[in-house]
Amino acid sequence: LLIDGETINRVAAIVKAEDFYRERNRWCYESCLALYQRGEAINQVTVGHELGRRERLEELGGPAYLSHLVTVVPTSVHIEHFARIVNRTATMRRLIQTAGEIATIGYENSADVDSAMAQAEDLLFRIRTGQGVRDFTSIREILDKYLEDSASMVGGMDAGMAPIHTNYPALDELLMGGLQRSDLIILAARPSLGKSTLAMNIARNAAAQGAVVGVFSLEMSREQLALRLLSSEAEIESHRLRVGLVSDAEASRVGASVGALSDLSIYIDDTPIQTVLEIKSKSRRLHMERGLDLVIVDYLQLIRGASDRTENRVLELGDITRQLKGMARDLNVPVLTVSQLSRAPEQRPDHRPQLSDLRESGSIEQDADVVSFIYREDRYRTEEEWEQRNPTEPYPRNIVEFIIAKHRHGPMDTIHLYFRGNLSRFESLAPQQ
C-alpha cells in the first residue's frame, strides 16, 4: 500500500485491521484505511502524518520503520496474494484460539451436552462465516456496502441475495418477490387444512428453480413426505401410490416423476423429537456442505426447548422462535416454520384466524417477519348453508384463502389458491377464478 496506494481497492474487502498479528502493522493499515475513507492519497508521507496525528508514529518506530516496509517489498503487483496470506494466517490464529475456548467448554463438564455442543459449533461457525461480535455501524458504511453489492450484480440480483420464489405468482408478488432471505416466516392453520402440504409444495417449487432446501419434519416420516411429493408430481392419488394401484401408463409417469424429483436438492430430516439447537446445528452443516437456500420446519410446537424443563411453555416457545430467527439471519436464508393454531377460531362466528390465535405464544408474531394463515370456508359451511347466506356466489369448494396477517416488508392481503387434496397439491388461481 505504501508503494501503490491505489491498490487498497483490491484488498480492503479481504483484510481487516485486526487480521494483522503485529500491532504496529495493524496501526499502519488502520491509517491507510482512514486515508482511503477520506479520499486522500496513500503513501509513505501521508501514512506517517496520519500515524503522527494518532500519536502512534514514534511508538511504531518512526519514519524509519515505514522506509523499512517499503524496501522489503519488491512490488505491489501481487498485493491480493499478500492480503490472502494475512487473512489466512489470521483465520488460523482464530482457529487456535477457538480450540482453546472449546477445550474450556469441555473441561467445564456441563450436564447439558446439547448446549455445550451448540456453543462449540457457534464458535466454529463464527470463524467459518467471518462473523465476529457486531458493533454499531454508521448508515454510511451500510449504504456504501449496498452500492458496492448492487454495482457488482450482473443481470439482476445476485443469487445469494435473491428471494426464494414459491412459484405462486400472486404470493410472490405479495411477498415482494418471494420468501426473503434472513426472514422467519410462520405458516399457521388449524389441523388438516393442508399447511404441511403447502410447505412441501413450496419446497419442491424452490428446489426446481435451483434452491437447496432443508426440511425438518417432526410430525411425518420422510417416506410420507416423499410420497406426497411424488403424488403431486405424477398427478396420481397418494393412497393409490401407497398400495401400488397404478396402471401401466401411470407407472410410466411415476418413473418420470421419480427421476425429476431425484434431481432436486431437497434434504429431509425426520427425527421426531428435536431441540432448536439440533436444528441449528444440522442446518449449519448442510449450509457448509451444500449451500443452503431455504429451511422448512414442520412444525413449531413439536420442537423441544434447550432444557427439559417445561414449567413455562410460552417462555420456552418464545426462546425457540428467537433462535429460529437468529438462524435465518446467520445463514441468510428464509426459515419457513409451520405452526398450529389454538381452538379460538372454532368459537367465533367468523372462523378466520387472527394473530392472537397463534398457539402457546405471543412471541411468535413478535419474532416473525411474516405471519400467514390458511383458511377454507368449505370446512366450516356446508353447500346448503353457503347458498342460504350467499345465493348469488358459487360454493368455494377446495378454495383456500392464504392470509398474510403480518408483513414486516410490505402489505397485508389475502390471495386464493386451489387445493387438490387427492394429489397433495396447491395450485394458483387467477383473480377471475
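Residues numbered from 1 in each chain as written. Predicted model: local features only at pLDDT ≥ 70, side-chain atom pairs only at ≥ 80, totals over all residues. Heavy atoms only, no water.

A. Broad picture of helix α11 (residues 222–234). Over its 13 residues, α11 extends 18 Å from the first C-alpha to the last, a length consistent with the 18 Å expected when each residue adds 1.5 Å. When we look at burial in α11, the residues that qualify are Leu225, Leu227, Leu229, Leu230, Ser231, Ser232 and Ala234. Close packing links the buried residues of α11 with α10 (195–208), β2 (213–217), α12 (238–243), α13 (248–262), β3 (266–269) and β9 (425–428). Backbone geometry just downstream of α11 places Glu235 in the positive-phi region, at approximately 60 degrees. (Helix = DSSP H or I, 4+ residues; strand = E, 2+ residues; numbered from the N terminus. Expected span 1.5 Å × (residues − 1). Buried < 20%, exposed > 50% of the residue type's maximum accessible area, 1.4 Å probe, protein only. Contact = heavy atoms within 4.5 Å.)

B. Structural view of the layout of surface pockets. The space that makes up the second largest pocket amounts to roughly 840 Å³. Along the wall of the second largest pocket there are 29 residues; nearest its centre are Leu1, Phe20, Asn25, Leu69 and Val73. Among the secondary structure elements, those contributing two or more residues to the lining of the second largest pocket are α2 (23–37), α5 (62–72) and α6 (79–107). At 7 residues, the largest contribution of residues to the lining of the second largest pocket is made by α6. Along the lines of polarity and charge, the residues of the lining of the second largest pocket split into 21 nonpolar, 5 polar and 3 charged. (1 Å grid on protein atoms, 1.4 Å probe; cavity = no way out; pocket = protein on both sides within 12 Å on 5 of 7 lines; lining within 4 Å. Points joined across faces, edges and corners; volume = space filled by probe spheres on them. Nonpolar A, V, L, I, M, F, W, Y, C, P; charged D, E, K, R; others polar.)

C. Region of the structure containing the pairing of strand β7 (residues 399–407). Within β7, 8 of the 9 residues are buried, leaving the element largely enclosed by the surrounding structure. Looking at chain direction, strand β6 (residues 370–375) and β7 are connected through 6 bridges and run antiparallel. Across the sheet, the residue bridging to Tyr375 is Glu401, located in β7. Between β7 and strand β8 (residues 414–420), which pair antiparallel in sequence order, lie 6 residues. (Pairing = 2+ DSSP bridges.)

D. Highlighting the nonpolar core. Formed by 46 residues in total, the largest nonpolar core has its most connected members in Leu198, Val213 and Phe402. With 7 residues, α10 is the single largest residue contributor to this core. Discounting chain neighbours no more than four positions away, the residues touching Val213 are Ala203, Ala206, Ala207, Ser265, Ile266, Tyr267, Leu292, Leu294 and Ile296. Val212, Leu277, Ile279 and Ile364 belong to the second-largest nonpolar core, a separate cluster that totals 34 residues. (Core = buried A, V, L, I, M, F, W, Y, C linked by side-chain atoms within 4.5 Å.)

E. Region of the structure containing the pattern of salt bridges. Within the structure shown, the criterion is met by 25 salt bridges. Across the pair Glu250 and Arg240 runs a salt bridge whose closest N-O atoms are separated by 2.4 Å. A residue pair is termed long-range when its members are at least 10 positions apart, and Glu250 in helix α13 and Arg240 in helix α12 qualify at 10 residues. The class for Glu250 is buried, based on a relative accessible area of 14%. Taken together, the shared-partner salt bridges in this structure form one network comprising Arg38, Glu40, Glu50, Arg53 and Arg54. (Salt bridge = Lys/Arg side-chain N within 4 Å of Asp/Glu carboxyl O.)

F. Highlighting unusual backbone geometry. Residues Asp298 and Tyr299 are joined by a peptide bond in cis, for which omega reads 0 degrees. Residue placement: Tyr299 occurs in the loop between β4 (294–298) and α15 (313–331). Not every positive phi belongs to a glycine, and Ser424 is a case in point at roughly 55 degrees. Counting through the fold element by element, Ser424 comes out in the loop between β8 and β9. Classification of Ser424 by relative accessible area gives buried; the value is 6%.

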